[in-house]
Each structure stands twice: as structure tokens, then as C-alpha cells.
Amino acid sequence: MPSTIRVAIAGSSGSIGTQTLDVVRECNAQAGTQTYEVVALGVGSSVDALVAQAREFRPKVVAVADPARRAEVATALPFCEVVADMADIVVTADVVVNAVVGFAGLPVTIRTLQAGRRLALANKESLIAAGPVVQPLRSVPGAELVPVDSEHCALHQCLRASVHPDREVARLVLTASGGPFRGRTATELADVGVEQALAHPTWKMGPKITIDSSTLMNKGLEVIEAHELFHTPYERIEVVVHPQSVVHSMAEFADGSTIAQLSMPDMRLPIGYALAFPERIGVPFGRIDWAQVGRLDFQRPDAATFRCLALGYAAGRAGGTAPAWLSAANEVAVDAFLEGRIRWTQIADTNDAVLQRFTPRPCATVDDIIAADAEARAVTREVLSAWA
Ligand code: MG
């Protein structure tokens with residue numbers, strides 16, 4: 001890797017996007033051996049944030065998906081080329097941070113790997129929905145997938161302790177904070193509102209993933225993500241609740257040794273790991289104060305109350321386009337919850353009902369995946385209209 005790494009960020013206005021720019025800003029200010037040049041930024045329609053970011057970081061290219069806002073960006077940023085397609089920003093970069101929310105992030109994942117670049121993947125939905133299409137692209141020369149998701153970033157680090165992970169890994173243990181509703185019963189959760197579900201106890205994240213954390217759908221999707229990333233069979237992927245969010249995940253090996261990765265719950269740490277990989281860079285964030293942490297607790301997840309976790313395993317084991325269906329159903333259901341159209345408990349009801357109507361389809365091409373996503377969304381809207 002060159003000493004200046006060129007970074008493109010798709011979805012730069014969101015939580016991961018802005019925290020990526022925090023990492024770049026701080027690393028460059030430290031004047032270490034590694035510096036970062038932001039060469040491209042992309043947003044959907046958050047152009048005010050984009051313009052402010054571009055004035056600070058001076059990228060060559062910005063992407064604005066919203067056609068109604070593109071002209072004003074071109075006027076505000078005369079030093080930038082303004083493009084429509086977020087996936088067009090990948091070719092200028094050494095590493096592409098995919099921080100787009102949801103299935104919309106798929107083109108960036110595909111194009112980055114096709115171009116033989118390093119993909120710092122915060123958009124788990126693209127890998128989950130399109131695993132069969134994404135997997136072959138990982139062997140494109142130069143292509144590398146480094147997960148930014150904290151648990152998978154942890155496993156990525158733990159597995160560097162293994163020479164032959166395919167035969168040495170006994171199990172992967174994903175940790176879950178349990179979210180804001182840990183310890184609550186289904187009855188107690190019948191009437192929880194959006195604000196309560198958005199009040200995550202340990203992590204600062206965007207609204208979609210924060211709701212997913214409250215239902216444990218995030219962990220269910222992460223089980224599929226771990227399977228796709230590391231090729232570990234589902235029966236060897238476990239979930240344990242760990243309220244302190246300091247152990248980010250663990251790999252247990254055949255000899256009974258477990259390697260865990262620990263750090264403060266700060267997304268800037270996995271972002272920094274993915275930007276610098278395979279090296280490690282100094283970042284000024286999140287040193288652990290052991291005496292302050294005090295203790296580390298672990299519990300079994302409450303699968304009866306948080307039904308989305310089992311749905312993740314079910315969709316993963318079904319394979320093919322089933323994960324695409326679950327991920328699409330969940331996106332539509334979470335939007336409906338955030339808009340006040342369904343209750344929190346109905347997110348799991350919706351995902352379950354849609355998965356029960358799952359119809360296997362071919363999944364050999366990107367178009368197959370897009371069709372599966374569209375079909376699942378249509379089924380989800382039918383299910384939601386039945387709830388109303
Ligand atoms: Mg995670």
C-alpha cells in the first residue's frame with residue numbers, strides 16, 4: 001500500500017460516513033507515516049452535508065443520487081466532478097468504504113470488488129442479500145473485503161491467529177449488546193415506541209441498524225454475514241449477549257483456545273482497521289480503562305422474545321435468495337415502524353410472515369438478486385397492509 005491511501009466513501013453523510021471522515025481527519029493531523037486522501041464522496045440526497053465535507057476534504061469526484069439536487073452541488077463545488085452513480089466513485093480509490101444503508105449499497109459492493117479494490121464493508125445488507133453473486137468477485141486480483149461491522153472486524157482480527165481457519169475454527173461466537181430491550185419480556189415490549197428503540201445503550205449508530213439491534217435482527221443478519229465472510233457452517237456460529245460491548249466477537253479453535261478482540265464500542269476503531277489493513281495505524285479513539293470496565297458479562301440470548309435472531313439462522317440455512325428476502329422484508333418493516341405504521345413487535349411478525357412465503361428463485365446474477373429483493377418487498381407490503 002502507498003503511504004497515502006486514496007479513500008472513497010459511499011454514503012458519506014451517514015453515521016459511518018461521518019465517522020470515517022473523523023478517522024481520516026485525525027490520522028492526517030497526527031502526521032504519521034500513513035496519510036489518507038479523500039478522493040470521492042457519495043450521498044443520496046443529503047447535499048448540505050456533502051458540500052460541507054467536500055469543502056473540507058477536497059475530493060475529485062462527488063456522487064449525488066438525487067437528480068433534483070445535482071445541479072446545486074455542481075454550482076457549490078466547482079472543483080469537483082459531480083456524477084450520478086455512487087458506484088462510479090470506486091475507480092479512483094485504493095479503498096472504498098461502503099456506508100450506504102440497506103440493499104441500495106449493492107452496486108458499490110459489486111463494482112469495488114470487480115475493480116480489484118479493497119472494500120471496507122459497513123453495508124452488510126449487500127453481502128447478506130447477494131452472497132452468491134458477491135463471493136466469486138472476492139477472487140478478482142486485488143479485491144479484498146474487510147468488514148467494518150464491529151463483530152466481523154473482530155473475527156477478521158481473531159482469525160489472523162489461525163494458519164488454516166477452514167479446519168482450525170471450532171466455532172465463531174458473535175457478541176450482541178442485547179440492545180435497549182435486553183431483559184424485557186414480549187408483553188413489556190408490546191407498546192414500545194420509536195424513541196425507546198432508538199436509545200441504544202452502548203453504540204452510536206444510524207437509525208436502521210439501531211432498530212435492528214433492538215429486535216436482534218441485526219444479530220440474525222450478522223450470523224449470515226459471518227457465514228458469508230468466513231465460510232463457517234451455521235452450526236458453528238453462536239451468539240452470546242454481552243452487555244458491555246467490549247468483547248466484539250471471539251473465535252474458538254480446535255485446540256480449545258479462544259481468541260477474542262476487545263476494544264471500546266466506537267465504530268471509528270473498526271473503520272480505522274479497515275482503512276489501514278493489513279497494517280495498524282494509531283488512532284486517538286477509545287482506549288480501554290480496564291478498572292473502569294470492571295467486569296465482562298455473558299448471557300444466552302432470549303430467542304423467544306427476540307424472534308428475529310432465529311429468522312436469521314433460518315434464512316441463512318435456506319440459502320439462495322432467502323437472505324435477500326429476509327433483509328428486504330426487514331428494511332420495509334423497519335421503515336414502517338420508524339414511520340409509526342406498525343408496532344415494534346410487528347417487525348418480527350412481518351419478517352416471519354414474509355419468510356414463510358419465501359419462494360426460491362435463481363440467484364446467479366445481480367439481476368436475479370435485484371428481482372428477489374423486489375419480489376420480497378412486494379410480499380412485505382402485502383403483509384403490512386394486512387396488519388393495518
Ligand atoms: Mg455489528
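Residues numbered from 1 in each chain as written. Predicted model: local features only at pLDDT ≥ 70, side-chain atom pairs only at ≥ 80, totals over all residues. Heavy atoms only, no water.

### Looking at the nonpolar core
Formed by 70 residues in total, the largest nonpolar core has its most connected members in Trp344 and Ile347. For this core, the element with the most residues is helix α15 (residues 322-338), which contributes eleven residues. For Trp344, the contacting residues outside a window of four places in its chain are Phe181, Leu189, Val192, Ala197, Ser214, Thr215, Phe306 and Phe337. If you look at the next biggest cluster of nonpolar residues, it comprises 41 residues, including Val38, Val73, Met267 and Tyr273. (Core = buried A, V, L, I, M, F, W, Y, C linked by side-chain atoms within 4.5 Å. Buried < 20%, exposed > 50% of the residue type's maximum accessible area, 1.4 Å probe, protein only. Helix = DSSP H or I, 4+ residues; strand = E, 2+ residues; numbered from the N terminus. Contact = heavy atoms within 4.5 Å.)

### Details of the pairing of strand β10 (residues 247-253)
Counted residue by residue, β10 has seven buried out of seven residues, so it is predominantly covered. Pairing of strand β8 (residues 169-176) with β10 involves five bridges; the strand directions are antiparallel. What sits directly across from Val169, in β10, is Phe253. With five bridges connecting them, β10 and strand β11 (residues 258-262) associate as antiparallel partners. Its bridge partner lying in β11, Ala251 is registered against Ile259. Where β10 folds back onto β11 in an antiparallel hairpin, the turn is made up of four residues, including Gly256, whose phi is positive at roughly 90°. (Pairing = 2+ DSSP bridges.)

### A closer look at the coordination of the magnesium ion
For the magnesium ion, the full set of protein donor atoms is Asp149 (OD), Glu151 (OE) and Glu222 (OE), and the range of their distances to it is 2.0 to 2.1 Å. Summarised as a motif, the one-chain spacing of the donors to the magnesium ion is D-x1-E-x70-E. Here Glu151 is found in helix α7 (residues 150-158), whereas its partner Glu222 is found in helix α11 (residues 217-230), with 71 residues between them in sequence. Residue classification places Glu222 among the buried residues on the basis of a relative accessible area of 1%. (Donors = N, O, S within 2.8 Å, 3.2 Å for Na, K, Ca; no water.)

### Looking at the sheet that holds strand β3 (residues 61-64)
Taking strand neighbours across the sheet as the criterion, the seven strands line up as β4-β3-β2-β1-β5-β6-β7 in an open arrangement whose pairing is parallel. Either end of the sheet is taken by a strand with one partner, and the two such strands are β4 (81-83) and β7 (144-147). Taken pair by pair, the neighbouring strands of this sheet meet at an average axis angle of 25°, ignoring direction. Running over the sheet, helix α12 (residues 268-276) touches β1 (4-10), β2 (35-43), β5 (95-98), β6 (118-121) and β7 and is turned about 175° from β6. (Axes fitted to C-alpha atoms, helices over the stretch in contact; angles between N-to-C directions.)

### Digging into the side chain of Glu228
Its place among the elements puts Glu228 in helix α11. Although Glu228 is buried, it forms no salt bridge, and the closest oppositely charged side chain is Arg138 at an N-O distance of 6.3 Å. Once residues lying within four places of it in the same chain are set aside, the contact partners of Glu228 are Leu127, Gly131, Gln135 and Arg138. (Lys, Arg positive; Asp, Glu negative; His and termini not counted. Salt bridge = Lys/Arg side-chain N within 4 Å of Asp/Glu carboxyl O.)

### A short note on the packing of helix α1 (residues 15-30) against helix α2 (residues 47-57)
Direction vectors running N to C along α1 and α2 enclose 15°, while the axes themselves pass 12 Å from each other. Looking at the two axes, α1 sits roughly parallel to α2. Considering how the two elements wind past one another, α1 and α2 form a crossing that is left-handed. Across the interface between the two elements, Thr18, Leu21, Val24 and Arg25 from α1 touch Gln53, Glu56 and Phe57 from α2. For the contact of α1 with α2, the residue count by class is three nonpolar, two polar and two charged. (Parallel < 35°, antiparallel > 145°, perpendicular 65-115°, else oblique. Left-handed = near helix turned anticlockwise from the far one by under 90°. Nonpolar A, V, L, I, M, F, W, Y, C, P; charged D, E, K, R; others polar.)

### Digging into the pattern of salt bridges
Within this structure, the stated rule accounts for 24 salt bridges. Across the pair Glu37 and Lys60 runs a salt bridge whose closest N-O atoms are separated by 3.1 Å. With Glu37 in strand β2 and Lys60 in the loop between α2 and β3, this pair connects stretches of sequence that are 23 residues apart. Given the relative accessible area of 47%, Lys60 is considered partly exposed. Across the pair Glu331 and Arg377 runs a salt bridge, and its minimum N-O distance is 3.2 Å. Taken together, the positions of Glu331 in helix α15 and Arg377 in helix α17 (residues 366-387) put the pair 46 residues apart, joining distant regions of the chain. With relative accessibility at 13%, the residue Glu331 sits in the buried group.

### Re the sheet that holds strand β9 (residues 237-241)
What holds strands together in a sheet is hydrogen bonding between their backbones, with the strands either parallel or antiparallel. What the four strands build is an open sheet, ordered β9-β8-β10-β11; its pairing is mixed. Since the sheet does not close on itself, it has two edges, and those belong to β9 and β11, each with one partner. For this sheet, the mean angle separating the axes of adjacent strands, direction not counted, is 20°.

### What to know about the environment of Ala303
Assignment of secondary structure puts Ala303 in the loop between α13 (290-293) and α14 (308-318). In this structure Ala303 comes out as partly exposed when scored by relative accessible area, which is 41%. For the pair Ala303 and Ser150, spaced 153 residues apart in sequence, the C-alpha separation works out to 22 Å.

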